[in-house]
Amino acid sequence: GAKPLYEFGLTFELGIGQFARSKVASIYPRYTIVNRMGYTLQIVQSGLEDVAGTTIEIKDNEVIPVHWMDNRKAKTLRARVVPAIGSQDTFTTGWCGALQPDQVGSFAV
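Residues numbered from 1 in each chain as written. Predicted model: local features only at pLDDT ≥ 70, side-chain atom pairs only at ≥ 80, totals over all residues. Heavy atoms only, no water.

A.B. asks: What's the story with the overall build of the protein in this structure? I'm lost.
C.D. replies: Within the protein, the secondary structure is distributed over 0 helices and 7 strands. The linear arrangement of helices and strands in the protein, starting from the amino end, is β-β-β-β-β-β-β. Its C-alpha atoms give the protein a radius of gyration of 18 Å, more than 25% over the compact-globule value 13 Å for 109 residues. With the C-alpha coordinates of the protein rotated into their principal frame, the extents come out at 60 × 35 × 25 Å. By the burial criterion, 26% of the 109 residues in the protein qualify as buried. In the protein, the share of contacts with a sequence separation of at least 24, taken over all contacts with a separation of at least 6, comes to 50%. When the accessible surface of the protein is totalled, it reaches about 7700 Å², and 54% of it is carbon and sulfur. (Helix = DSSP H or I, 4+ residues; strand = E, 2+ residues; numbered from the N terminus. Rg over C-alpha atoms; globule rule 2.2 N^0.38 Å. Buried < 20%, exposed > 50% of the residue type's maximum accessible area, 1.4 Å probe, protein only. Contact = heavy atoms within 4.5 Å. Areas by Shrake-Rupley, 256 points an atom, 1.4 Å probe, with all protein chains shown as cover.)

A.B. asks: Would you take a moment to explain the sheet that holds strand β4 (residues 40-45) for this structure?
C.D. replies: Strands in a sheet are paired, the pairing made by backbone hydrogen bonds, and the direction either parallel or antiparallel. Across the sheet, which stays open at both edges, the 3 strands sit in the order β5-β4-β7 with antiparallel pairing between neighbours. One side of each edge strand has no neighbouring strand; the edge strands of this open sheet are β5 (56-58) and β7 (77-82). Neighbouring strand axes in the sheet, compared pairwise and without regard to direction, differ in orientation by 25° on average. Here 6 bridges tie β4 to β7, and the two strands are oriented antiparallel to one another. Within β7, the position partnered with L41 by the bridge is V81. (Pairing = 2+ DSSP bridges. Axes fitted to C-alpha atoms, helices over the stretch in contact; angles between N-to-C directions.)

A.B. asks: I'm lost on the nonpolar core in this one. Help?
C.D. replies: The nonpolar side chains of a soluble globular protein tend to be buried, and buried together. Residues I33, I43, I58, I64, V66, L77 and A79 are the most contacted members of the largest nonpolar core, which totals 13 residues. For this core, the secondary-structure elements that each account for two or more residues are β3 (31-34), β4, β6 (63-66) and β7. Looking at this core, the element that brings in the most residues is β7, giving 3 residues. (Core = buried A, V, L, I, M, F, W, Y, C linked by side-chain atoms within 4.5 Å.)

See the structure below:
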């Protein structure tokens with residue numbers, strides 16, 4: 001069956017003060033999404049759009065880490081804009097093309 005894949009970044013620094021002889025390890029998610037669109041976004045790993053429980057909802061101004069739901073699928077994301085729960089908006093949008101989070105740049109959603 002499908003297994004999740006968690007990717008992390010690590011930094012190692014020297015401690016300060018009384019911890020000067022220690023090394024401090026910090027662990028961060030490799031990918032983080034920051035929603036600054038003014039709308040709610042949904043993201044999903046490509047190939048899992050129709051699989052229940054794999055879509056993540058990101059409200060405006062929310063920051064979330066990204067982890068892969070299925071380590072066998074492409075490491076790309078798809079996104080769409082959805083109305084906020086409780087709003088009067090009734091529009092619907094389709095999924096955008098595959099986004100590659102390891103590529104630096106701007107992307108149209």
